[in-house]
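A structural walkthrough
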There are 2 protein chains.
Amino acid sequence: MAEFKTDIEIARAAHKRPITEIGAKLGIPAEDLVPYGHDKAKISARFIKGLENKPDGKLILVTAINPTPAGEGKTTTTVGLSDGLNRIGKRAITCIREASLGPNFGVKGGAAGGGHAQIVPMEDMNLHFTGDFHAITTAHNLLSALVDNHIYWGNELEIDTRRVTWRRVMDMNDRALRSVVTSLGGVANGYPREAGFDITVASEVMAILCLSRDLEDLEKRLGDIIVAYRRDKSPVFARDLKADGAMAVLLKDAMQPNLVQTLENNPAFVHGGPFANIAHGCNSVVATTTALKLADYVVTEAGFGADLGAEKFFDIKCRKAGLKPAAAVIVATVRAMKMNGGVKKDDLGHENVEAVKKGCANLGRHIENVKQFGVPVVVAVNHFTADTDAEIQAMKDFVASLGAEAILCKHWANGSAGIEELAHKVVQLAESGAAQFAPLYPDEMKLFDKMDTVVKRIYRGLEAIADKPVRDQLHAWEAAGYGNLPVCMAKTQYSFSTDPALRGAPVDHVVPIREVRLSAGAGFVVAICGEIMTMPGLPRVPSSEKIFLNEQGQIEGLF
Amino acid sequence: MAEFKTDIEIARAAHKRPITEIGAKLGIPAEDLVPYGHDKAKISARFIKGLENKPDGKLILVTAINPTPAGEGKTTTTVGLSDGLNRIGKRAITCIREASLGPNFGVKGGAAGGGHAQIVPMEDMNLHFTGDFHAITTAHNLLSALVDNHIYWGNELEIDTRRVTWRRVMDMNDRALRSVVTSLGGVANGYPREAGFDITVASEVMAILCLSRDLEDLEKRLGDIIVAYRRDKSPVFARDLKADGAMAVLLKDAMQPNLVQTLENNPAFVHGGPFANIAHGCNSVVATTTALKLADYVVTEAGFGADLGAEKFFDIKCRKAGLKPAAAVIVATVRAMKMNGGVKKDDLGHENVEAVKKGCANLGRHIENVKQFGVPVVVAVNHFTADTDAEIQAMKDFVASLGAEAILCKHWANGSAGIEELAHKVVQLAESGAAQFAPLYPDEMKLFDKMDTVVKRIYRGLEAIADKPVRDQLHAWEAAGYGNLPVCMAKTQYSFSTDPALRGAPVDHVVPIREVRLSAGAGFVVAICGEIMTMPGLPRVPSSEKIFLNEQGQIEGLF
């Protein structure tokens, strides 16, 4: 039994190896590792280019049930599985998203995994890291400034100032910036108009960076961004403002994947971090495809539960990047099953096998859903110390009844030694060749039908509904040549329905598509199904009040 | 004669040495160099702490005449002199400011020096560099978010929302953000109020970072920031919002000096970059004091001409940090003398000895002014190819008549070989022990009298004037304990007067103090004497339109 240390205590006690040594394990020469400190590095574009003709390793997706306040440990399991694969002799790389800086000052920060399955240096990863998000913020806001500057100098492109869709971004929880009026104060400051800020992870530039194959593709997509419409509703592109070149220059370094390490000194790529509601919620394509060239196994995760995260991973990222996942792991916990079965958070400490059985309905549906994509599934039961044998057995029996296997994993307490069984099972699934990946719907399907398909086949609702203006908008985009794009559903992560309180496996619900947005550069159509917040606020007592440097110069209060 | 290559061509042809090698020249072990790529590094806090008991080298200030459109080459001379000192066997470090990112997308970017006297890598230095400015932006805006968040949750501190003085910042030229109304859109977004953005270099956090001795001093000063006033006009501090700790955490890495190199592989610290009007316009105290521990000579520069830049360097930076400059170099050019003598820019190509003589009045006054601080002076005549012998001789004669020496410098064309004579002269002045540095006015002088002293003794005006509200405000600050702070004059850089068109050496002008601002964290009182722009705009054809990545992945159009 491992001692009970906090995540940060474990992370600080880590025996980090120099990042050049981690890179060398992957065959990356020191000159192709661009260091950021001694424990972080970017991988040079030149080196990545040279990998083109190498064969790919196997891609493993880690996803989860719908999140509950009990916590599932998806990232912890992603890191743990990767360490476990390395332990059993496979060369494996973890690929996860970068953390958004702003929210850390609202509530206690998100670490990169937990317990003995973490990525380090966690302080840096929750702060500026290698500056990628700052670069995205800057590129985004340069485009914003160019829009208003163009209007100021005569508006040759005839932008309708009421129809500027390109907002500004900041990596900060600042509700005061959600809705603002800009250009006040007189002639010298331009033409007043309604505007607003989103948090940086909600920027289309973030989604673009994460879906671009290389710098050339990045620049092309940046040019495709629609910033505004004219009175005749024709779009104005970033390319029309000649913004794409300068934005690509600002993103040059941010495009390169970041190499860090797990507590067990195995390589991890931490790169990109788009919102998982209005965007696709996956780490970058460049990081994933690079990792596949360098490893036998690449373990990656998708945002939220499998209904949102895995669906977008498959239908947006894999579809667009030509990725073929070999297996999927669905993370679940006894505690979360109990909450799905109706138990309150305060009562999770008591054995309740019936509640576990009842809550398994949620897990069962995710298993079925992932299998629909032709990807074989295994369930990782992320162990908590209060879990009883009977509860665990109930989960195992349930999963077995669906023709899959649930494996108890103790990586949080024991690192890779606690997750060997899962690692072996993943290898068996991946090497069986059982995977027959295909996205859920074809490119050619109409946009609204794509949304309806996700609602029916993944959310198991009755149908998607939308008012005429939404349907008209979708038809207009189809007419303009955007009909072949995948859809990106923005829905609550807590339920298969649009009601966050409806846990378990609801049926017969209707999913209203309230609004649609075109991310023409990223290459998807967003369907807004419910209240989606793109700029969070701070709580009454923000965690910033407790964050400080201690006498050793270490950061306290961030975790 | 050197070939005529552009700055960027010369910079790209540079034979950069690994930054660890540059650090090793200064005795910095590799583990105390925190790398950012292979050609940039921060110096660890631990290493700097260990230098405390080492003796200091000699500090040389490079300043200039009032800037003209002809260009003076202050940074070029700073870099050249440092290379020249190294050439003649002195260990010398250049200490200059970091560049602001935003303005590069408006007009063709500022390089770090020029010709054969440059600091590299210049692309990085004009873009994200080591992320310092992004960290400052983030720390500043965290405080902004905390102010509005405090008001949102009940405003326990009773902030008067009409008197919030803390704005937001962005490192971008975006005139639309100068004046905005925030928190629109309903209850969830807070209380609407007038607000605005400045460019990051105008942030008080920038000034604080540049004046702080160490992280502890930084955190204390951050807490001292005044963010707003109550209805009774009592100040609300950043400390009251418990923001200082989290801000210090965000600035932890940004506080460490950045090591880069000159084209001749000599060490350069490039760190901090406060505005030179509403702030003091010098690189960081930490960089300068660290460099003094590591070198025989530290060559640094101050913003704008000597009337603004050198005065603030002496009266704010040196006063507060206990620095004692050993000599000063005033950069001037034949071309700039001619412009000061009434010649138009298009006519600068023709010999005009009389105009040179006439324009020397401006130079002469700066020589006298710097001597007032007890610092010996030499004039560097930064050579341009069209300069004639007669014109150069006229400058030399004029300077000699004031008891100083003017030395022709050809570092732009020839690097250190072109500036040996100046280097020898600087060594002679510094080693003569002639310097008897003292600031212009004592701490105890009343705030308005300090302003009046600068006007009379430096600008040679009749007097400073101010309306009653301004004088009352100064008295109120004196009563509140801020009377001992130095003053920071915000005036046009183009003239000794407040009229930018008045070149040469005007007399008898009156300097109106229109507004005063208290930078309680940075530790100075700003006197606004004229229109001061703290958020620039973009031109009709912004340079961003020409910036792109070429097929080799190199940045084009930035310079």
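Sequence order sets the numbering: in each chain, residues are counted from 1 along the sequence as written. Think of it this way: whatever chain is written first is A, whatever ligand is written first is 1, and the rest follow in order. With pLDDT at 70 or above as the cut-off, local features in this predicted model cover only qualifying residues; side-chain atom pairs require 80 or more to be listed or tallied, and sums for whole chains, interfaces and linings still use all residues. In computing side-chain values, all of the structure's heavy atoms are included and hydrogens and water are not.

Applicable threshold: UniProt positions are given in the numbering used here, feature names are shortened, and annotations may be inferred rather than shown by experiment.
Looking at an unreviewed UniProt entry, one finds chain A named Formate--tetrahydrofolate ligase and attributed to Mesorhizobium liriopis. We quote the UniProt Catalytic activity (unreviewed entry) comment for chain A here in full: "(6S)-5,6,7,8-tetrahydrofolate + formate + ATP = (6R)-10-formyltetrahydrofolate + ADP + phosphate". According to the UniProt record, the Pathway (unreviewed entry) comment for chain A reads "One-carbon metabolism; tetrahydrofolate interconversion."

**Side note on the interface of chain A and chain B**
By a widespread convention, an interface's size corresponds to the accessible area lost as its parts come together. Applied cut-off: By the convention used here, residues are in contact when the closest approach between their heavy atoms is within 4.5 Å. Every case where a carboxyl oxygen of Asp or Glu lies within 4 Å of a side-chain nitrogen of Lys or Arg is listed as a salt bridge. We call two N or O atoms a polar contact when they sit within 3.5 Å, provided that within protein one can donate a hydrogen and the other can accept it, with sequence-adjacent residues counted only if both atoms are side-chain atoms.
Counting residues at the interface gives 63 residues for chain A, matched by 63 residues for chain B. For the pair chain A and chain B, the number of links is two salt bridges. Across the pair Asp174 of chain A and Arg168 of chain B runs a salt bridge whose closest N-O atoms are separated by 2.9 Å. Between chain A and chain B we count 29 residue pairs in polar contact (both at pLDDT 80 or more) in total.

**Re the side chain of Asp148 of chain B**
Stated precisely, the cut-off is as follows: Helix and strand definitions here come from DSSP, where helices need a minimum of 4 consecutive H or I residues and strands a minimum of 2 consecutive E residues; each element is numbered from the N-terminal end.
In this fold, Asp148 of chain B is placed in helix 6 (residues 132–152). Side-chain polar atoms of Asp148 of chain B contact the side chain of Arg193 of chain B, separated by 3.0 Å. The residues touching Asp148 of chain B, leaving out its near neighbours within four places in the chain, are Ala176 of chain A together with Arg168, Ser183 and Arg193 of chain B.

**Observations concerning the pattern of salt bridges**
Condition: For the exposure calls, accessible area comes from a 1.4 Å probe over protein chains only, and a residue counts as buried if that area is under 20% of its type's maximum, exposed if over 50%, partly exposed in between.
For the coordinates displayed, the defined rule picks out 66 salt bridges over all chains. One salt bridge in this structure joins Arg221 of chain A and Asp217 of chain A, with 3.2 Å as the shortest N-O distance. A residue pair is termed a helical-turn pair when its members lie 3 or 4 positions apart in one helix, as Arg221 of chain A and Asp217 of chain A do in helix 8 (residues 215–224) at four residues. Assigned by exposure class, Arg221 of chain A and Asp217 of chain A land together as buried. With its nearest N and O atoms 2.6 Å apart, the salt bridge here joins Asp160 of chain B to Arg163 of chain B.

**A word on the nonpolar core**
Side chains of nonpolar character tend, in soluble globular proteins, to be buried together. Defined as follows: Among buried residues, those of type Ala, Val, Leu, Ile, Met, Phe, Trp, Tyr and Cys that are joined through side-chain atoms within 4.5 Å constitute a nonpolar core.
Core analysis: the biggest nonpolar cluster contains 319 residues, and Met489 and Ile513 of chain A together with Met489 and Ile513 of chain B have the highest contact counts within it. Not counting chain neighbours up to four residues away, the residues in contact with Ile513 of chain A comprise Phe448, Met451, Ala464, Ile465, Ala466, Val470, Met489, Ala527, Ile528 and Cys529 of chain A.

**Examining the relation of the copies chain A and chain B**
The following threshold applies: Superposition of the copies was done by least squares, using only C-alpha atoms of residues whose pLDDT is at least 70 in both.
Take chain A, turn it by 180°, move it 0.0 Å along the axis, and it overlays chain B with an RMSD of 0.1 Å. Taken together, these values place the two copies in the relation of a two-fold axis. Closest approach to the rotation axis among the C-alpha atoms of chain A is made by Tyr36 of chain A, whose C-alpha sits 2.3 Å away. Mapped onto chain B, 100% of the interface residues of chain A are again interface residues, and the two copies thus contact each other with one and the same surface.

**Section: the packing of helix 6 (residues 132–152) of chain A against helix 7 (residues 204–211) of chain A**
Residues and elements named next belong to chain A. Inclusion rule: Axis lines are fitted to C-alpha atoms, over the contacting stretch for helices. Their N-to-C directions set the angle, which ranges from 0 to 180 degrees. Any angle between 65 and 115 degrees counts as roughly perpendicular, while under 35 counts as roughly parallel, over 145 as roughly antiparallel, and the rest as oblique. Crossings are classed by handedness, with left-handed meaning an anticlockwise turn of the near helix from the far one by less than a right angle and right-handed meaning a clockwise turn. Charged residues are taken to be Asp, Glu, Lys and Arg, nonpolar residues to be Ala, Val, Leu, Ile, Met, Phe, Trp, Tyr, Cys and Pro, and polar residues to be all remaining types, Gly included.
Two elements in contact, helix 6 and helix 7, have axes whose closest approach is 9 Å; the angle formed by their N-to-C orientations is 120°. With respect to their mutual orientation, helix 6 and helix 7 come out oblique. Both helix 6 and helix 7 take part in a crossing whose hand is right-handed. Contact residues: Phe133, Ile136, Ala139 and His140 in helix 6; Val205, Met206 and Leu209 in helix 7. Each residue belonging to the contact of helix 6 with helix 7 can be placed in one class, and the counts come to six nonpolar, one polar and no charged.

**Details of the environment of Gly537 of chain B**
All names here are of chain B. Inspection of the secondary structure puts Gly537 in the loop between strand 24 (524–528) and strand 25 (548–549). Along the primary structure Gly537 and Cys210 are separated by 327 residues, whereas in three dimensions their C-alpha atoms are 25 Å apart. Apart from the residues within four sequence positions on either side, Gly537 is in contact with Asn173, Arg175 and Arg178.

**Regarding the packing of aromatic side chains**
Our working definition: Only rings of Phe, Tyr and Trp enter the pairing, Trp through its six-membered ring, and a pair is recorded when the two centres are within 6.5 Å. The plane angle decides the type: under 30 degrees is stacked, over 60 is edge-to-face, the rest tilted.
Counting across every chain of the model gives ten aromatic pairs over all chains. Taking the centre distance of 6.0 Å and the plane angle of 65° together, the rings of Tyr36 of chain A and Tyr36 of chain B count as edge-to-face. Placement of the pair is Tyr36 of chain A in the loop between strand 1 (33–35) and strand 2 (41–43) and Tyr36 of chain B in the loop between strand 1 (33–35) and strand 2 (41–43), with the two residues belonging to separate chains. Both residues of the pair, Tyr36 of chain A and Tyr36 of chain B, count as buried. With a centroid separation of 4.5 Å and 35° between ring planes, the pair formed by Phe314 of chain A and Phe373 of chain A is classed as tilted. With Phe314 of chain A in helix 11 (residues 309–321) and Phe373 of chain A in the loop between helix 13 (353–372) and strand 18 (377–382), this residue pair connects regions lying 59 residues apart in the sequence. Look at Phe373 of chain A and you get buried, because its relative accessible area is 2%. Here a set of aromatic residues connected by ring pairs shows up, and it is made of Phe313, Phe314, Phe373 and Phe437 of chain A.

**Observations concerning the sheet that holds strand 23 (residues 515–519) of chain B**
All names here are of chain B. How we decide: For two strands to count as paired, DSSP must find a minimum of two bridges between them.
Pairing within the open sheet is mixed, and its three strands lie in the order 21-24-23. In the strand order of this sheet, the two ends are held by strand 21 (487–490) and strand 23, each with one partner. Recorded for the sheet is a direction-independent mean angle of 25° between the axes of neighbouring strands. Note: strand 23 against strand 24, five bridges, orientation antiparallel. In the sheet register, Val516 faces strand 24, and the bridge partner there is Ala527. Sheet strands in contact with helix 17 (residues 447–457) are strand 21, strand 23 and strand 24, and its direction is about 50° off that of strand 21.

**Examining unusual backbone geometry**
Residues and elements named next belong to chain A. Following Val120, the chain continues to Pro121 via a peptide bond in cis, the omega torsion being 5°. Relative to the helices and strands, Pro121 is located in the loop between strand 6 (117–120) and helix 5 (122–125). One non-glycine residue, Asn155, lies in positive phi territory at about 55°. For Lys233, which is not glycine, the phi torsion reads 70° and is therefore positive. Here Lys233 is to be found in the loop between strand 12 (226–230) and strand 13 (235–237). Taking relative accessible area as the criterion, Lys233 reaches 56% and is therefore assigned exposed.

**Quick notes on the sheet that holds strand 13 (residues 235–237) of chain B**
Residues and elements named next belong to chain B. If you walk across this open sheet you meet the three strands as 7-12-13, and the pairing is antiparallel. The sheet is open, and its two edges are formed by strand 7 (159–164) and strand 13, each paired on a single side. Across the sheet, the mean angle from the axis of one strand to that of its neighbour is 50°, orientation sign disregarded. Bridge count between strand 7 and strand 12 (residues 226–230): two bridges; the pairing is antiparallel. Bridge pairing links Ile159 to Arg230 in strand 12. Contacts from helix 6 reach strand 7 and strand 12, with the element oriented near 135° to strand 7.

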